[in-house]
Amino acid sequence: MRIAVIGQSLFGADVYRLLQKDGHNIVGVFTVPDVNGKPDPLAAAASNDGIPVFKYKRWQLKKQVIPEVLEEYKSVGAELNVLPFCSQFIPMDVITFPRKQSIIYHPSILPRHRGASAINWTLMQGDASAGFSVFWADDGLDTGPILLQRKTFVDPNDTVDTIYNRFLFPEGVRAMGDAVRMITQGTAPSIVQSEEGATYDAMLNKRSLVEINMDQSAMAIHNFIRGCDKVPGAWTTVDGQKVTLFGSRLWNRMEPYGTKVNVKGSTQQGVVHKNGLALYGNDGKMVNVTQIQYENGKMIQANKFGKEDLSQAKLELSAEEEKMLTSLKSVWNGILNVDIDETTDFFKCGAGSMDVVRLVEEVKEKCNGTTLQTEDVYMNTTFEDFSSCVIRRSRGIEDKEPFVFDAVKMNVNNMDISFAHQLFIDNEFIDSSDGKTFKTVNPNDESVICEIAKGTPTDVNRAVEAAKAAFYEGEWGRMNARDKGALMFKLADLMEQHQEELATIESMDSGAVYTLALKTHVGMSIATFRYFAGWCDKIHGLTIPINNARPSKNLTYTKREPIGVCAIVVPWNYPLMMLAWKMAACLAAGNTVVLKPAQVTPLTALKFAELVVEAGFPPGVINILPGPGSSIGQAMSEHPDIRKLGFTGSTPIGKTIMTSISCLSECSAPLAQSECGLKNVTGCGCGAVFFNKGENCIAAGRLFVEESIHDEFVQRVLAEIKKMKIGNPLDRSVDHGPQNHRAHMEKLLEYCETGVKQGATLVTGGKQCDMPGNTVSLLYLL
């Protein structure tokens, strides 16, 4: 088919390439003019193939088609117009000219969210589903008949970028190809859009439209911010300054410690803390943002709001760094194709996300291997700020605040020693939630060494939250095993550097002989961390040979994975060594930890915590809570988010802990999550439940399904069930045979009846099949 492609962007370029691959004759590409001498990706792709490219600033004036533009368009003789991503208004003279007319891609499930800012409004309105439509263009605003639609779930933390990159872009390209294929085959539908549920959403091109209304729920605030992230950006007023907010996530943790700030229209003050800026909705729940942009365009980490920006201090450059500056200007010029000065803004000059990737790679190549993160580019958009950032990174300077805490300082054993006396949570030393303390005593003379913060169950909750966030969301969970090992080796090196100080503190706090503490308490602790550091990248599974019919295409293997938050309770006889024995193994496996040292010997654990930060461990990986076992130890043993508890202590306490943790046991219950992909979770879920008729020692007794994908998951499961054949197991075509014995079959039916009586919905099955034997129709309860 002879096709004219009208549009722009990488999306348009990929659609163009797909149509070519499918054998269509692209007779012309119509796109936008170059920006700063740089052609649009669609124009560049077509030019490279020798396809005629036409670049129009506009197609019409005062809603009248420009005659010469129309004639030039008609000259290519297209049978179909394909508009994959088009930001211009195309006149109806062009839309209706081809024999097959025109199809257009729109990033919403029409008729909802008609208009240019459809993706933004999908998120801002908190829709559970997102998607796109390919429709036949008409003279309305996205009102033409539907050709095809596809949809996906919306994750609670999706942004415009994530949902576009995950679904709207790749699936949209494929869908455009499918749509043209149907048109070619004469099977393309034309379904008139209903006006029921139709919305006409404003284009977010005015700053007044994206001011955040803080007098609404935290979820609504979060939806609004993520719906505007990164363009056009939602803004509010904080401490009298207008700021645009980015990187929003619901904050389902306790209120963070930090500096209170006034937020216009909010019922409560916000909190600037180490992880960002926490904002309150009118429902008392919180949203956290990680980045802030001032009115002058300067972007900062939200945790630096209201603080002196040390990263902007003027640098004295060496001769080599002056050459680096020249190289950077050359790199920027090559990307932007403009003259570069200190005020040149990377993104205002037309740079996009692919340009960010190119910039990071070119800096690494031309600036002595200096490594940047993409975030460094977004945070330093002007050439002056960016070049300063590159110089700092080349010097090994990170934009981190100094680690400061209230230390106890003493001169003991002919040396100066210092150690913390507060709880250690999320890489910070903080007071207990109720401000209470207890005395730690030197057993040698029963003198009080200092006052120690006395942890509470509330502090346990805060520490577990931090450890859970570090495991599931933080840098530690994403870090590869070798890098984790490197951190543990560095921690062991620091312990060795402070070996005499640690032994002195251990001796003073526990009464251990110093020489023994030096060699055993501390020395073996160092050795333990080094040993387990070497294990980090050597914890792997096994492939298991199995017999099967030839040709064998099965693979059986084991895979060892971390389990999450581990709690550790250690005794007073070897305070540091018991910490090392339990903690090092947990860390090597990739877990995060919350440790309670013995109440009478907390000091070496707190000195160790100081070294944890110096070694560079991410926040939340290691948390240490001094205090009584009767409160915080008990709270740890009962906490539902603690996956494993390691304890060394007395038999009575051990029995108490076993009683507490017994309530945490669960039968096998796989979790179906959206991030795994519906196809994967459906297949795995069905396999877990129905494999070998469910007569399997690891069969799933139930499935937990994420709410956002529940309905579609159920429909997919039903579709899979319908494909399964029940019957004689000797029949080669049968998928599901009889239960092993009648009592078992009857027990299954009894469970089904019980489930229905208790309020479950029986979607399908749940009865004996109309055939001999103990066969049960495949059932699915919810």
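Owing to the predicted nature of the structure, the values given are computational and were not obtained by experimental measurement.

(A) View of the overall build of the protein. In terms of regular secondary structure, the protein is built from 23 helices and 32 strands. Principal axes of the C-alpha set define a box for the protein whose edges measure 100 × 90 × 55 Å. A buried classification covers 47% of the 782 residues belonging to the protein. Taking contacts inside the protein between residues at least 6 apart in sequence as the whole, the part at least 24 apart equals 66%. Counting every atom, the protein has about 38,500 Å² of accessible surface; 52% of that belongs to carbon and sulfur. Between the mean site of the 79 positive side-chain charges and the mean site of the 90 negative ones, the protein shows a separation of 5 Å.

(B) The sheet that holds strand β7 (residues 102-106), seen in detail. Within the open sheet, the seven strands sit side by side as β3-β2-β1-β6-β7-β8-β9. Their pairing is mixed. Each of the sheet's edge strands pairs with one partner strand only, and the pair in question is β3 (53-55) and β9 (146-153). Here the strands of the sheet are splayed against their neighbours by 15 degrees on average, with no regard to which way each runs.

(C) Region of interest: the pattern of salt bridges. Inspection of every chain in the model, using the stated rule, returns 33 salt bridges. We note a salt bridge from E171 to R174, for which the minimum N-O separation is 2.6 Å. Placement of both E171 and R174 in helix α6 (residues 160-185) is noted, with a separation of three residues, approximately one turn of the helix. Among the ionic pairs, E720 bridges to K723, the shortest N-O distance being 3.1 Å. With E720 and K723 both in helix α22 (residues 710-723) and three residues apart, the pair spans about one turn of that helix. Connected through salt bridges with shared partners, the residues D22, R150, D178 and R181 form a single ionic network.

(D) Quick look at the pairing of strand β17 (residues 291-294). With four bridges connecting them, strand β11 (residues 241-246) and β17 associate as antiparallel partners. Bridge pairing links V243 to Y294 in β17. Of the pairings in the sheet, the one linking β17 to strand β18 (residues 299-301) comprises three bridges and is antiparallel in character. Each residue of the ladder has a partner; that of Q291, found in β18, is Q301. Taking the residues between adjacent antiparallel strands as the criterion, β17 and β18 are bridged by four residues, where G297 takes a positive phi near 95 degrees.

(E) Broad picture of the confidence of the model for the protein. Chain-level statistics for the protein give a pLDDT mean of 89 and a share of 94% at 70 or above. When pLDDT is averaged over each element of the protein, strand β27 (residues 622-624) comes out on top at 98 and strand β32 (residues 780-781) at the bottom at 52. Segment residues 662-666 is flagged for pLDDT under 50; beyond a separation of four residues in sequence, or across chains, it makes six contacts in the model.

(F) Spotlight on the packing of aromatic side chains. In the structure shown here, the tally under the stated rule is 28 aromatic pairs. With a centroid separation of 4.7 Å and an interplanar angle of 15 degrees, the aromatic rings of F30 and F54 are classed as stacked. Of this pair, F30 sits in strand β2 (residues 25-31) while F54 sits in strand β3, and the two are 24 residues apart along the sequence. The interplanar angle of 35 degrees and the centroid separation of 6.0 Å between the aromatic rings of F403 and F429 together place this pair among those described as tilted. With F403 in the loop between α11 (383-394) and β19 (407-412) and F429 in strand β22 (residues 428-430), this pair connects stretches of sequence that are 26 residues apart. F403 sits in the partly exposed class, given a relative accessible area of 32%. Against the face of Y378 rests K230, its NZ or CZ located 5.0 Å from the ring centre. The ring centre of W476 lies 5.0 Å from the NZ or CZ of K484, which sits over that ring.

(G) The side chain of D509, seen in detail. Mapped onto the fold, D509 is located in helix α15 (residues 499-510). The charged side chain of D509 is buried without a salt bridge, its nearest counter-charge being K596 at 12 Å. Aside from chain neighbours lying at most four places away, what touches D509 is T440, V441, P443, I449, V600, T601, P602 and L603.

(H) Structural context of empty space enclosed by the protein. For the structure shown, the criterion picks out three cavities of 30 Å³ or more. A volume near 150 Å³ is recorded for the largest cavity. As for the largest cavity, its lining consists of 14 residues, and the residues nearest its centre are R253, P256, Y257, D426 and R462. Every element with two or more residues in the lining of the largest cavity is listed here: β22 and α12 (457-472).

(I) Molecular detail of the packing of helix α17 (residues 575-588) against helix α18 (residues 603-615). Look at α17 against α18: their axes get within 8 Å of each other, and the N-to-C directions meet at 55 degrees. Here α17 is positioned oblique relative to α18, judged by the angle of their axes. In the crossing of α17 with α18, the sense of the turn from one axis to the other is right-handed. Only T604, A605 and F608 of α18 make contact with α17, whose side of the interface consists of P575, L576, L579 and M583. Tallied by class, residues from the contact of α17 with α18 come to six nonpolar, one polar and no charged.

(J) Spotlight on the UniProt feature "domain: Carrier" (unreviewed entry) in the protein. Mapped onto this numbering, the UniProt entry annotates "domain: Carrier" (unreviewed entry) at residues 319-394. Between the first and last C-alpha atoms of residues 319-394 the distance is 14 Å; the span itself is 66% helix and 0% strand.

(K) The domain arrangement of the protein, seen in detail. Each domain of the protein was delimited in the assignment, giving domain 1 (2-185), domain 2 (207-304), domain 3 (319-395), domain 4 (407-542 + 558-660) and domain 5 (680-781). Of note, the centres of domain 1 and domain 5, computed from C-alpha atoms alone, are 45 Å apart.

(L) Layout of the nonpolar core. Counting 58 residues, the largest nonpolar core has F529, M583, F608, F617 and I622 as its most contacted members. Each residue touching F617, except ones within four places of it in the same chain, is listed here: N427, W476, L487, M488, L491, L587, V612 and I622. Within the second largest apolar cluster, 38 residues are counted, among which are V29, V82, I163 and I183.

(M) Highlighting the packing of helix α1 (residues 9-21) against helix α2 (residues 41-48). Two elements in contact, α1 and α2, have axes whose closest approach is 7 Å; the angle formed by their N-to-C orientations is 30 degrees. Considering the angle they form, α1 stands roughly parallel to α2. Together, S9, L10, G12, A13, Y16 and R17 of α1 and P41, L42, A45 and A46 of α2 make up the contact between the two elements.

(N) Just a nonpolar patch on the surface, in detail. Together, L10, M354 and V357 line one region of the surface with nonpolar side chains, adding up to about 270 Å² of accessible area. Residue position: L10 is located in helix α1. For L10, a relative accessible area of 40% puts it in the partly exposed group.

(O) Region of the structure containing helix α21 (residues 678-690). Across its 13 residues, α21 extends 18 Å between first and last C-alpha, which sits within 8% of the 18 Å expected from 1.5 Å per residue. Just downstream of α21, N692 is the residue with a positive phi angle, here 55 degrees.

(P) Focus on the sheet that holds strand β16 (residues 286-289). Strand order in the open sheet formed by five strands is β12-β16-β15-β14-β13, with antiparallel pairing between adjacent strands. At either end of the open sheet lies a strand with only one pairing partner, and these are β12 (249-251) and β13 (259-261). If you compare each strand with its neighbour and ignore which way they point, the axes differ by 30 degrees on average. Across three bridges, β13 lies against strand β14 (residues 270-273) in antiparallel orientation. Counterpart to V261 in the pairing with β14 is G270.

Conventions we followed
- Residues numbered from 1 in each chain as written.
- Predicted model: local features only at pLDDT ≥ 70, side-chain atom pairs only at ≥ 80, totals over all residues.
- Heavy atoms only, no water.
- Helix = DSSP H or I, 4+ residues; strand = E, 2+ residues; numbered from the N terminus.
- Buried < 20%, exposed > 50% of the residue type's maximum accessible area, 1.4 Å probe, protein only.
- Contact = heavy atoms within 4.5 Å.
- Areas by Shrake-Rupley, 256 points an atom, 1.4 Å probe, with all protein chains shown as cover.
- Lys, Arg positive; Asp, Glu negative; His and termini not counted.
- Charge placed at Lys NZ, Arg CZ, Asp CG, Glu CD.
- Pairing = 2+ DSSP bridges.
- Axes fitted to C-alpha atoms, helices over the stretch in contact; angles between N-to-C directions.
- Salt bridge = Lys/Arg side-chain N within 4 Å of Asp/Glu carboxyl O.
- pLDDT = per-residue confidence, 0-100.
- Phe/Tyr/Trp six-rings, centres within 6.5 Å; stacked < 30°, edge-to-face > 60°.
- Lys NZ or Arg CZ within 6 Å of the ring centre and 35° of its normal.
- 1 Å grid on protein atoms, 1.4 Å probe; cavity = no way out; pocket = protein on both sides within 12 Å on 5 of 7 lines; lining within 4 Å.
- Points joined across faces, edges and corners; volume = space filled by probe spheres on them.
- Parallel < 35°, antiparallel > 145°, perpendicular 65-115°, else oblique.
- Left-handed = near helix turned anticlockwise from the far one by under 90°.
- Nonpolar A, V, L, I, M, F, W, Y, C, P; charged D, E, K, R; others polar.
- UniProt positions renumbered as here; feature names shortened; annotations may be inferred.
- Domains from an automatic or database assignment.
- Core = buried A, V, L, I, M, F, W, Y, C linked by side-chain atoms within 4.5 Å.
- Patch = residues over 30% accessible without salt bridge, like charges linked within 9 Å, V, L, I, M, F, W, Y side chains within 5 Å.
- Expected span 1.5 Å × (residues − 1).

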